[in-house]
Amino acid sequence: MTYKFFVLLLHYQTGAKADEKKNQVRLLFKRSDMQVLGIESSCDETAAAVVTSNKEILSNIVLSQLDNHVPFGGVVPEIAARAHVELLDSLISESLIKANTSLADIDGIAVTAGPGLIGGVFVGLVTGKAIAASANIPLIAINHLEGHALSARLTNNLSFPYLLLLVTGGHTQLVEVKDLGDYKLIGTTIDDAVGEAFDKVARLIGFQYPGGPKIEEAAKNGDPHRFNFPRPLIGRSGCDFSFSGLKTAVRRTVEELSSNNSPLSSDNINDISASFQKAVIDVLLDRTSYAMIEFNKRHPHTSNLIIAGGVASNKMLRDSMEKITNEKGYLICSPPIELCTDNAAMIAWAGIERLSLGISNSFKFPGRAQWPLSELKGDLV
Ligand code: KG4
Ligand code: ZN
């Protein structure tokens, strides 16, 4: 790691035109065509991207480490961190080449500083700091959840405030996005995250991690009404979620169906997938409807809903959400699927949003395993 750090430093120092760069940094806030390099390494995707302030994604490379984790049935933090060390510097070079740019033209390094698996977060953050220091450009420490929260502003003409349904492998949140860095949590899960529920149920029915896309695929051939799985908290006021009871109900069904030790038939797998997916979507729709009411109490004249995070790439969720938002006079506006799952373009974009307001961070900025969105406001002042 130390060796790699110094190789990186040397590599980028020779390429950077330091004096020229200093002048560029001074001019930064007058320019409308900033380029920011984004780095993401908080889970099992190693990613780098170059994005401009004109909302052009010049490069966006995501390397999945899935093959390394499959034998263990989930992401192993130590394996993930080592893989980021192996992959990151060549991935960054590749993203600069693909973007047809060089560090001399990059105005800032935006890097995920948490929340996430802390080993991976450190790898990305130290790399980002090394590049920013050697090229003499600002470092912008990005909260990964803020990356998801702002991703729709990269691809759509969307202004603050808006309501966000954030659905990832580690988080299920309804958030009032008031302004950059100003987030009010309206609802959250009281147990499992929705992506985690997809992954656990997938494992029960024999699918490898990550389970969400496989369940979505199997559900296409299944009957969503065959199993009447519970819809926790549905119809109750408030905007919180719960998924552990649903997961337990699926486990019982799987045990009953395979009580004579026979493997599940493909019909059973498809029907469980479809019924589980339907239950999850019903819960998400119900909780989001309550959140719309809450949101409109404070913002009666705005009605934009964003769904973001890996689970937001589920087409049935997107279609169902579109239906209820239309009914309620809301406009749904979500990033394209490739920007829903983890990527560095959303990190670079969050960096552009912050840098445009003159916000950057010191090289002492710590990596954080936990970092709630609601704690971000202090970073702006
Ligand atoms: O946002 P993300 O890429 O990483 C985190 O920050 O957690 O989300 C990953 C999660 C995984 O749990 C994965 O199973 C789930 O998103 N996911 C899906 C789909 N694609 C990914 N869940 C349901 N349907 C999908 N199509
Ligand atoms: Zn994520």
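Residues numbered from 1 in each chain as written. Chains lettered and ligands numbered in written order. Predicted model: local features only at pLDDT ≥ 70, side-chain atom pairs only at ≥ 80, totals over all residues. Heavy atoms only, no water.

K.L.:
What is the right way to look at the packing of helix H7 (residues 194–204) against helix H9 (residues 244–257) in this model?
P.N.:
For any two helices packed against each other, the geometry comes down to the angle between their axes and how far apart the axes lie. Running from N to C, H7 and H9 cross one another at 5°; their axes reach a closest spacing of 10 Å. Considering the angle they form, H7 stands roughly parallel to H9. From H7, Lys 200, Val 201 and Leu 204 reach across to H9, where they touch Lys 247, Val 250, Arg 251 and Val 254. Classifying every residue of the contact of H7 with H9 by side-chain character gives four nonpolar, no polar and three charged. (Axes fitted to C-alpha atoms, helices over the stretch in contact; angles between N-to-C directions. Helix = DSSP H or I, 4+ residues; strand = E, 2+ residues; numbered from the N terminus. Parallel < 35°, antiparallel > 145°, perpendicular 65-115°, else oblique. Contact = heavy atoms within 4.5 Å. Nonpolar A, V, L, I, M, F, W, Y, C, P; charged D, E, K, R; others polar.)

K.L.:
How do you make sense of the sheet that holds strand S10 (residues 331–332) when you look at a structure like this?
P.N.:
Strand-to-strand pairing in sheets goes through backbone hydrogen bonds, with the strands running parallel or antiparallel. A sheet is described by the order of its strands in space; here five strands give the open sequence S8-S7-S6-S9-S10, paired in mixed fashion. Looking at strand neighbours, the two that pair on one side only are strand S8 (182–188) and S10, the edges of this open sheet. Across six bridges, the pairing between strand S7 (residues 172–179) and S8 is antiparallel. Each residue of the ladder has a partner; that of Leu 174, found in S8, is Gly 187. Set on the sheet, helix H10 (residues 266–298) makes contact with strand S6 (162–167), S7, S8 and strand S9 (304–308); between it and S6 the angle comes to about 150°. (Pairing = 2+ DSSP bridges.)

K.L.:
Can you walk me through the coordination of the zinc ion (ligand 2) in this structure?
P.N.:
Distances from the zinc ion (ligand 2) to its protein donors, His 144 (NE2), His 148 (NE2) and Asp 342 (OD), fall within 2.1 to 2.2 Å. Counting along the primary sequence, the residues that act as donors to the zinc ion (ligand 2) give the motif H-x3-H-x193-D. In this pair, His 144 and His 148 are both assigned in helix H6 (residues 144–155), four residues apart and thus about one turn of the helix distant. The same class applies to His 144 and to His 148, which are both buried. (Donors = N, O, S within 2.8 Å, 3.2 Å for Na, K, Ca; no water. Buried < 20%, exposed > 50% of the residue type's maximum accessible area, 1.4 Å probe, protein only.)

K.L.:
Looking at this structure, I do not really get the nonpolar core. What am I missing?
P.N.:
Grouped together as the largest cluster of nonpolar side chains are 63 residues, with contacts concentrated most on Ile 92, Ile 106, Ile 109, Leu 164, Tyr 183 and Ile 306. Looking at this core element by element, the count peaks at eight residues for helix H13 (residues 345–356). Counting the residues that make up this core, at least three belong to each of domain 1 (3–151 + 341–380) and domain 2 (159–334). Ignoring sequence-local partners within four residues, the contact set of Leu 164 consists of Ala 149, Gln 173, Leu 174, Val 175, Val 177, Ile 306 and Ala 308. Counting 43 residues, the second largest nonpolar core, distinct from the first, contains Ala 249, Ile 281, Leu 317 and Met 321. (Core = buried A, V, L, I, M, F, W, Y, C linked by side-chain atoms within 4.5 Å. Domains from an automatic or database assignment.)

K.L.:
What should I look at first to understand the pattern of salt bridges in this one?
P.N.:
Here the idea is simple: oppositely charged side chains can pair when their charged atoms come close. Applying the stated criterion to the full structure yields 14 salt bridges. Ionic pairing is found between Glu 217 and Lys 220, a salt bridge with its closest N-O pair at 3.0 Å. Of the residues examined, Glu 217 reaches a relative accessible area of 47% and is grouped as partly exposed. In the salt-bridge network here, residues are joined through shared partners; they are Asp 192, Glu 196, Lys 200 and Lys 247. (Salt bridge = Lys/Arg side-chain N within 4 Å of Asp/Glu carboxyl O.)

K.L.:
Can you help me understand the domain arrangement of the protein in this one?
P.N.:
One frequent convention defines the size of an interface as the accessible area lost when the parts assemble. Domain parsing of the protein yields domain 1 (3–151 + 341–380) and domain 2 (159–334). Taken over C-alpha atoms, the centre of domain 1 sits 29 Å from the centre of domain 2. Summing both sides of the interface, domain 1 and domain 2 together bury roughly 1,700 Å²; the carbon and sulfur share of this comes to 68%. Applying the counting criterion to the domain 1 and domain 2 interface returns zero salt bridges. Applying the counting rule to domain 1 against domain 2 returns three residue pairs in polar contact (both at pLDDT 80 or more). Of all the secondary structure elements, the ones that give two or more residues to the side of domain 1 that touches domain 2 are H6, H13 and helix H14 (377–380). The element that contributes the greatest number of residues to the side of domain 1 that touches domain 2 is H6, accounting for six residues. Residues of the side of domain 1 that touches domain 2, tallied by class, amount to 13 nonpolar, six polar and five charged. (Buried area = accessible area lost by both parts, 1.4 Å probe. Polar contact = N/O pair within 3.5 Å; in protein donor to acceptor, adjacent residues only side chain to side chain.)

K.L.:
Help me understand the environment of Gln 277, please; the structure alone is not making it clear to me.
P.N.:
Here Gln 277 shows up in helix H10. When neighbours within four sequence positions are excluded, Gln 277 is seen to be in contact with Phe 198, Glu 216, Ala 219, Asn 314 and Met 316.

K.L.:
How should the pairing of strand S5 (residues 139–143) be read in this particular structure?
P.N.:
Regular strands have side chains that alternate between both faces of the sheet. For S5, a buried count of five out of five residues is recorded, marking the element as mostly surrounded by other parts of the structure. Alternating residues of S5 divide into Leu 139, Ala 141 and Asn 143 and Ile 140 and Ile 142, and every residue in both groups is buried. As paired strands, strand S4 (residues 108–114) and S5 are joined by five bridges and run parallel to one another. Across the sheet, the residue bridging to Gly 114 is Asn 143, located in S5. Once the chain exits S4 it traverses helix H5 (residues 118–135) before rejoining the sheet at S5, and the crossover so formed is right-handed. (Right-handed = clockwise from strand over helix to strand, strands pointing away.)

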